[in-house]
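# Summary of the model geometry
Here is how the chains run, residue by residue.
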Amino acid sequence: MSATFKRHGDGVRMELESFEVELLAELRDGLHRQLVDGDHADPVMQRLFPAQVAPEDEFVDMEVRDLIYDDLLRERLDGLEALHAIIDRGKPHRGRLRVDLKHDEAPLMLGVLNDLRLAIGARIGITKLDRDEVDEDHPAAYPVAVMDHLAWLQEQLLSIIDPASVSSEGPEV
Amino acid sequence: MTARLAPPVVGAAEPVPAGVVHASGPVPTPVREADTHEETTRDGPWDVIVWDDPVNLMSYVVYVFRKVFGFPEAVARKLMLEVHNKGRALVATEPREMAEMYVHQLHSHGLHATMQRSK
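Residues numbered from 1 in each chain as written. Chains lettered and ligands numbered in written order. Predicted model: local features only at pLDDT ≥ 70, side-chain atom pairs only at ≥ 80, totals over all residues.

Another point: the overall build of chain A. What chain A contains, in helices and strands, is five helices and four strands. If you list the helices and strands of chain A from N to C, you get β-β-α-α-α-β-β-α-α. Computed over C-alpha atoms, the radius of gyration of chain A comes to 17 Å, within 12% of the 16 Å expected from 2.2 N^0.38 for 173 residues, which places it in the range of a compact globule. If one aligns the C-alpha atoms of chain A with their principal axes, the spans along those axes are about 55 × 40 × 35 Å. Long-range pairs, those at least 24 residues apart, make up 61% of the contacts in chain A between residues at least 6 apart in sequence. (Helix = DSSP H or I, 4+ residues; strand = E, 2+ residues; numbered from the N terminus. Rg over C-alpha atoms; globule rule 2.2 N^0.38 Å. Contact = placed C-beta atoms within 7 Å.)

Structure below.
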């Protein structure tokens, strides 16, 4: 499978396989719904929004969380909207969807991909999951495979945006 | 561990500092006991701590540290590895407002960050 992201002049060219277009749309819609619903008991919301930021001082904790919650929500919703707009302007090219990303869209894509991975991880309870036990029959096999694919996309973007951040050993968590 | 903003890296729903309880709903508003609280809490430097998580890519955390703090690659990687190996790392010590800004930016990138009075 050839790379999805490539340097193109001063920018980044994205070429998505059809399954990736569908996958990103599905993940985007799912996360958008959860953000809009705003169910604070939802593990995805608990992962994407800090439950505590200043554990030693409840007043500071409350003030800071109040300060940043709306911004974090708006930023994440804006990112999902931007992802929708980026994919929407893609043109078919040799069986893939090609989009030339504008200057600020590559780091934005990187962040949205991260949010999507974090959301999947929260849904499947990744903190309690032993990845060595996730074989093809495991209920988490598909979401874990999706997370790994998104990690591969992130690593490609990082190698273009900030090559110094990438190790030669490939994506590691 | 981008503005979008989280590590092997660093993240959120997991290793939580001692005494930290993740809220599962709206958190009750504490009642202020003294008008001078805000003034006193703004005194002195605050440490910004980043916590490990099992989702954020190591490379992504290095990228976020470089982007948010402007660290050289070697410093960013050292801190990322500290988060990965020790579960947490002190990434900045700043006045409260600056610490708040960093915590915001780190969460915006999906990293799990907290702040505490520097000791």
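This next bit is on the overall build of chain B. Helices and strands together make up the secondary structure of chain B, namely four helices and three strands. Counting every position in chain B, which comprises 119 residues, the buried fraction comes to 49%. (Buried ≥ 20, exposed ≤ 12 C-beta atoms within 10 Å, placed from the backbone.)

This next bit is on the sheet that holds strand 2 (residues 11–16) of chain A. Residue and element names in this part refer to chain A. Sheet architecture is open: four strands sit in the order 1-2-4-3, paired in antiparallel fashion. Every other strand in the sheet has two partners, leaving strand 1 (5–8) and strand 3 (91–93) as the edge strands with one partner each. Here the strands of the sheet are splayed against their neighbours by 35° on average, with no regard to which way each runs. Note that strand 2 and strand 4 (residues 96–101) share five bridges and pair antiparallel. Counted as the bridge partner of valine 12 is leucine 101 from strand 4. (Pairing = 2+ DSSP bridges. Axes fitted to C-alpha atoms, helices over the stretch in contact; angles between N-to-C directions.)

This part covers the packing of helix 3 (residues 58–88) of chain A against helix 4 (residues 96–108) of chain B. The description of two helices packed together rests on the angle between their axes and the distance between the axes. It is the contact of helix 3 of chain A with helix 4 of chain B, at a shortest axis distance of 10 Å, that shows an interaxial angle of 35°. Of the two elements, helix 3 of chain A crosses helix 4 of chain B, and the hand of that crossing is right-handed. Here Val64(A), Leu67(A), Ile68(A), Asp71(A), Leu72(A) and Glu75(A) of helix 3 of chain A come into contact with helix 4 of chain B, specifically with Glu100(B), Val103(B), His104(B), His107(B) and Ser108(B). For the contact of helix 3 of chain A with helix 4 of chain B, the residue count by class is five nonpolar, three polar and three charged. (Left-handed = near helix turned anticlockwise from the far one by under 90°. Nonpolar A, V, L, I, M, F, W, Y, C, P; charged D, E, K, R; others polar.)

Right, let's get into the packing of helix 5 (residues 141–161) of chain A against helix 2 (residues 58–69) of chain B. In contact at an axis separation of 10 Å, helix 5 of chain A and helix 2 of chain B are set at 40° when each is read in the N-to-C sense. By the criterion of interaxial angle, the relationship of helix 5 of chain A to helix 2 of chain B is oblique. As for the relative orientation of helix 5 of chain A and helix 2 of chain B, their crossing is left-handed in sense. Contacts between helix 5 of chain A and helix 2 of chain B pair Gln154(A), Glu155(A) and Leu158(A) from the former with Ser59(B), Tyr60(B) and Tyr63(B) from the latter. (Parallel < 35°, antiparallel > 145°, perpendicular 65-115°, else oblique.)

All names here are of chain A. If you check helix 1 (residues 18–37), its first and last C-alpha atoms are 29 Å apart, about what 20 residues at 1.5 Å a residue would give, namely 28 Å. Restricting attention to buried positions, one finds in helix 1 the residues Leu24, Leu27, Leu31 and Leu35. Projected down its long axis, helix 1 carries its buried residues within an arc of 70°, all on one side. Those residues of helix 1 that are exposed and aimed more than 90 degrees away from the buried face are Ser18, Phe19, Glu22, Glu26, Asp29, Arg33, Val36 and Asp37. Buried residues belonging to helix 1 abut helix 3 and helix 4 (105–123). Just downstream of helix 1 lies glycine 38, where phi reads positive at about 65°. (Expected span 1.5 Å × (residues − 1). Arc of directions from axis to C-beta.)

This next bit is on the pairing of strand 4 of chain A. Residue and element names in this part refer to chain A. The pairing of strand 3 with strand 4 spans three bridges and is classified as antiparallel. Note that in strand 4 the partner of lysine 91 across the bridge is arginine 98. Adjacent in sequence and paired antiparallel, strand 3 and strand 4 are bridged by two residues, among which arginine 94 carries a positive phi angle near 50°.

Residue and element names in this part refer to chain A. For helix 4, built from 19 residues, the straight-helix expectation of 27 Å at 1.5 Å per residue is met to within 8% by its first-to-last C-alpha distance of 27 Å. The buried fraction of helix 4 is high, at 17 of 19 residues. Two residues or fewer past helix 4, glycine 125 is found with a positive phi of approximately 65°.

Residues and elements named next belong to chain A. Positionally, aspartate 104 belongs in the loop between strand 4 and helix 4. In this structure aspartate 104 comes out as exposed when scored by C-beta crowding, with 10 C-beta atoms within 10 Å. Along the backbone, aspartate 104 and glycine 11 are 93 residues apart, and their C-alpha atoms lie at a distance of 9.4 Å.

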